[in-house]
Amino acid sequence: MALPELFQENMRQLLGGEYEAYLESFSQKRVYGLRVNTLKISPEDFERICPFPVERIPWIENGYYYDGERDKPAKHPYYFAGLYYLQEPSAMTPANLLPIEEGDRVLDVCAAPGGKSTELAAKLKGTGLLVSNDISNSRAKALLKNLELFGVKNSLIMSEDPQKLVGRFHEYFDKILIDAPCSGEGMFRKEPAVIKSWLEHGNGFYAKLQRQITEASLQMLRPGGMLLYSTCTFSPMENEAAVMHMMEVCPQLTVVPVKRYEGFGEGMPKTVGGPRQLRECVRIWPQRMRGEGHFLALLKKGEGERPGRGALDTGANPRAEKLTELMEFWRELDWEADVSRIQIRGERVMLMPEEACQTSGLRILRSGLLLGECKKNRFEPSQALAMALKKGQYKKTVDFPCSDQRVIRYLKGETIQAQDLLDMGAKGWYLACVDGYPLGFAKANGTVLKNKYLAGWRWQ
């Protein structure tokens, strides 16, 4: 691999005696990782059912290495059940280190395609509010799919310039994650094509963009709140200098020490003439750890108590109580959810988060959980609702073992014969599962299941 001369010189100055070991890391095989969705399954239970060999990532409680040259986890029904997310091991670290508490208001500023947001949601355990934003509308659509696949109910997904959010969310969030757009130097081994972008833009282009994003984000962080800043690049201009700029803009910021794993490198304040506390930043180097590399800094904004939470004024539509089929379906659910938070918007039926704020005028892809659609007084449950349920939470269920070829046929959108699972009188909606984990809905007519798996999600 031909690394740019300027990049090599920068890394030689940065690493000193470790530079040759860094170059040697390019000759090693890239590593592959997956992160277990703890909203659906514990790491221990996942290990018991995992159909391919995995090895724990030492510094990520629910992270695993797998052999990406041999195994294809994205082509397994458990992936379609939302049991795990495929993610480079170093990139799992930011969401892992941000100390989320149940009930927090959390913002993921540059969230697509969802690797960080899905873990933040898992740590919230269905409480509080997760606002996942990405300025790119096309990328935000991938973010929406991944959050729905993970069964997330308490999210607000949008596509806005972070600077536009400040007026609506001033000092609103308890925790903010900024996995900032960067020059991607840590991706050169994994994706050599990134080198072309590095040559085109350089570090300065991204440093300017990072300052704009961090300045807006700091205004949305409440006093006493925490912000985690991360990149997948090595440049001090985009890392320590970015953190130092935040501390200059917001003098009440301090760098918070984080739990360290053997191999985590310190921040390098001397490279930017910064304060000693920048050493509390974390640098992950590919020559020290089995990952591509990352930079992280956890910051706290002065002191302050988390403010009291008011109930969300949903403006709940009373029509929800009058839709007979919706309420009949709702009664089939063994699920603790406040029906007063149901809203009907056109044909769509939404279950709103417990708290949020006014979002009119913002580009919103989803508020809360899409329950389904009302069509001519007929309610059709959504794919998102299926993914948010557990097997026992809907009375009528068909559960296929993973080895059953009907699982793949269902995921491809085919009609399924289920004489062994249904009686001749079966009617209505059924939740289709694999080994007890929901995949989607189907509609029974006797022993035949008419497929309702979402077309855009189907097995290709």
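Quick note: structure is the one above.
Residues numbered from 1 in each chain as written. Predicted model: local features only at pLDDT ≥ 70, side-chain atom pairs only at ≥ 80, totals over all residues. Heavy atoms only, no water.

**With respect to the overall build of the protein chain**
1) Next: For the protein chain, the count of helices and strands is 14 helices and 23 strands.
2) Next: For 460 residues, the compact-globule formula gives about 23 Å, and the C-alpha radius of gyration of the protein chain, at 23 Å, lands near that figure.
3) Next: Principal-axis analysis of the C-alpha atoms gives the protein chain an extent of 75 × 50 × 35 Å.
4) Next: The buried share of the protein chain, taken over its 460 residues, is 58%. (Helix = DSSP H or I, 4+ residues; strand = E, 2+ residues; numbered from the N terminus. Rg over C-alpha atoms; globule rule 2.2 N^0.38 Å. Buried < 20%, exposed > 50% of the residue type's maximum accessible area, 1.4 Å probe, protein only.)

**A short note on the sheet that holds strand β23 (residues 448–451)**
1) Next: The strand order across the open sheet formed by five strands is β19-β21-β22-β23-β20, and the pairing between neighbours is mixed. Whereas interior strands pair on both sides, the edge strands pair on one side only; in this sheet they are β19 (397–400) and β20 (416–417).
2) Next: In this sheet, β23 lies alongside strand β22 (residues 437–445) in antiparallel orientation, the contact comprising four bridges. In the sheet register, K443 faces β23, and the bridge partner there is K450. (Pairing = 2+ DSSP bridges.)

**Things to note about helix α1 (residues 5–15)**
1) Next: Every buried residue belonging to α1 is among F7, Q8, M11, L14 and L15, and all of these are buried. The buried residues of α1 all sit within an arc of 130° when viewed along its axis, so they share a single face. Within α1, the exposed residues directed more than 90 degrees away from the buried face are E5, L6 and Q13.
2) Next: Buried positions along α1 lie against α2 (19–25), α9 (194–220) and β12 (282–284). (Arc of directions from axis to C-beta. Contact = heavy atoms within 4.5 Å.)

**Topic: the packing of aromatic side chains**
1) Next: This model, assessed by the stated rule, comprises 29 aromatic pairs.
2) Next: Judged by centre distance (5.9 Å) and plane angle (80°), the rings of F7 and W198 are edge-to-face. Here W198 lies in helix α9 and F7 lies in helix α1, a separation of 191 residues in the sequence.
3) Next: Relative to F264, the ring of Y261 has its centre 6.2 Å away and its plane inclined at 70°; by these criteria the two rings are edge-to-face.
4) Next: An aromatic cluster of three or more residues is present, and its members are Y32, F46, F52, Y64, Y66, Y79, F80, Y84 and W459.
5) Next: Taking the ring centre of Y172 as reference, the NZ or CZ of R105 above it sits at 4.0 Å. (Phe/Tyr/Trp six-rings, centres within 6.5 Å; stacked < 30°, edge-to-face > 60°. Lys NZ or Arg CZ within 6 Å of the ring centre and 35° of its normal.)

**Examining the pattern of salt bridges**
1) Next: Within the structure shown, the criterion is met by 31 salt bridges.
2) Next: R283 serves as the salt-bridge partner of E240, at 2.8 Å between the closest nitrogen and oxygen. Taken together, the residues span a long stretch of sequence, with E240 in helix α10 (residues 240–249) and R283 in strand β12 at a distance of 43 residues.
3) Next: Note that E266 and R279 form a salt bridge whose closest N and O atoms lie 2.8 Å from each other. (Salt bridge = Lys/Arg side-chain N within 4 Å of Asp/Glu carboxyl O.)

**What to know about the packing of α9 against α10**
1) Next: For the pair α9 and α10, the least separation of the axes is 10 Å and the interaxial angle reads 40°. Between α9 and α10, the interaxial angle falls into the category oblique. The chirality of how α9 crosses α10 is right-handed. Where α9 approaches α10, its residues R211, T214, E215 and L218 are matched on the opposing element by H245, M246 and V249.
2) Next: Taken together, the residues that form the contact of α9 with α10 break down as three nonpolar, two polar and two charged. (Axes fitted to C-alpha atoms, helices over the stretch in contact; angles between N-to-C directions. Parallel < 35°, antiparallel > 145°, perpendicular 65-115°, else oblique. Left-handed = near helix turned anticlockwise from the far one by under 90°. Nonpolar A, V, L, I, M, F, W, Y, C, P; charged D, E, K, R; others polar.)

**So, the state of the cysteines**
1) Next: Applying the stated rule across the entire model yields zero disulfides.
2) Next: C50 takes part in no disulfide bond, and the closest cysteine sulfur to it belongs to C402, at a distance of 10 Å.
3) Next: Taking the relative accessible area as the measure of exposure, C50 reaches 14% and is therefore buried.
4) Next: Residue classification places C402 among the partly exposed residues on the basis of a relative accessible area of 22%. (Disulfide = S-S within 2.5 Å.)

**Quick word on unusual backbone geometry**
Trans peptide bonds make up the majority, and among non-glycine residues the majority have a negative phi.
1) Next: Put simply, A112 and P113 share a cis peptide bond, and its omega is 5°.
2) Next: Note that P113 resides in the loop between β5 (105–108) and α6 (115–124).
3) Next: Notably, K125 is not glycine yet its phi reads approximately 55°, a positive angle.
4) Next: Summarising the element assignment, K125 is placed in the loop between α6 and β6 (129–133).
5) Next: Classification of K125 by relative accessible area gives exposed; the value is 56%.
6) Next: One non-glycine residue, D435, lies in the positive phi region at around 50°.

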